[in-house]
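What follows is the residue order along each chain.
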Amino acid sequence: MVGVTITKHETGSTGEYHAHVADSDHIGRLTWTARGGVHYAEHTLVPQEIGGRGVAGRLVEAMVADARENGFKIGPMCSYVAVAFQRHPEWADVKG
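Remember, it's a predicted structure, so these values are computed and weren't measured experimentally.

Enquirer: Looking at this structure, I do not really get the environment of P47. What am I missing?
Expert: Along the chain, the position of P47 falls in the loop between strand 4 (38-45) and helix 1 (55-70). For P47, a relative accessible area of 23% gives the class partly exposed. Distance from P47 to G28, taken between C-alpha atoms, is 6.4 Å for residues 19 residues apart in sequence. If we skip the residues at most four places from it in the chain, P47 touches H26, I27 and G28.

Enquirer: How should the packing of aromatic side chains be read in this particular structure?
Expert: Geometry of an aromatic ring pair is reported as the spacing of the ring centres plus the angle between the planes. According to the stated counting rule, one finds one aromatic pair in the structure shown. Centroid distance F85 to W91: 5.5 Å. Interplanar angle 75 degrees. Geometry classified as edge-to-face. Comparing F85 with W91 shows no difference in burial state: the two are buried.

Enquirer: Explain the packing of helix 1 against helix 2 (residues 79-87) here, please?
Expert: Helices that pack against each other are described as a pair by the angle of their axes relative to one another and the distance between those axes. Interhelical geometry of helix 1 versus helix 2 gives an angle of 70 degrees and a closest axis separation of 11 Å. By the angle between their axes, helix 1 is roughly perpendicular relative to helix 2. For the pair helix 1 and helix 2, contact is made by A56, G57, V60 and V64 and by Y80, V81, A84 and F85, respectively. The class makeup of the residues in the contact of helix 1 with helix 2 is seven nonpolar, one polar and no charged.

Enquirer: Honestly, the pairing of strand 2 (residues 14-21) in this entry has me stumped. Any pointers?
Expert: Here is the key point about a regular strand: its side chains alternate between the two faces of the sheet. Across eight bridges, the pairing between strand 1 (residues 4-11) and strand 2 is antiparallel. Residue pairing for strand 2: I6 is matched across the bridge by A19. In textbook terms, the turn of a hairpin is the stretch between consecutive antiparallel strands, and for strand 1 and strand 2 this stretch comprises two residues, one of which, G12, has a positive phi near 65 degrees. In terms of strand pairing, strand 2 meets strand 3 (residues 27-35) through seven bridges, oriented antiparallel. Across the sheet, residue A19 finds its bridge partner in strand 3, namely G28. Between the antiparallel neighbours strand 2 and strand 3 lie five residues.

Enquirer: Even after reading the chapter, I still don't get the nonpolar core, so can you show me in this structure?
Expert: Burial of nonpolar side chains together is a common tendency in soluble globular proteins. Core analysis: the biggest nonpolar cluster contains 23 residues, and Y17, L30 and I74 have the highest contact counts within it. When residues of this core are traced back to their parent elements, those giving at least two are strand 2, strand 3, helix 1 and helix 2.

How each quantity is defined
- Residues numbered from 1 in each chain as written.
- Predicted model: local features only at pLDDT ≥ 70, side-chain atom pairs only at ≥ 80, totals over all residues.
- Heavy atoms only, no water.
- Helix = DSSP H or I, 4+ residues; strand = E, 2+ residues; numbered from the N terminus.
- Buried < 20%, exposed > 50% of the residue type's maximum accessible area, 1.4 Å probe, protein only.
- Contact = heavy atoms within 4.5 Å.
- Phe/Tyr/Trp six-rings, centres within 6.5 Å; stacked < 30°, edge-to-face > 60°.
- Axes fitted to C-alpha atoms, helices over the stretch in contact; angles between N-to-C directions.
- Parallel < 35°, antiparallel > 145°, perpendicular 65-115°, else oblique.
- Nonpolar A, V, L, I, M, F, W, Y, C, P; charged D, E, K, R; others polar.
- Pairing = 2+ DSSP bridges.
- Core = buried A, V, L, I, M, F, W, Y, C linked by side-chain atoms within 4.5 Å.

Functional significance is not addressed by these values, which are geometric in nature.
Encoded structure:
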């Protein structure tokens, strides 16, 4: 896999994680809204041009790491995030 850099963009109670792929101008996104100490993962969006490279998984991994570091829970509203939590029972500590 080519290099993927994840950045966090936050505005008040909403935000996104962006996945920047080294050989592309396209950006993957995971959007969220925060309420009551839970960040609800609403949408995971990966353009076809950068699909099939594990970008969506890296976005969820970044959110999980951020939740552990900053003490919030994740509410998996997005179907991709919900399936990722099923595949990774070790993330149960951050599931809200």
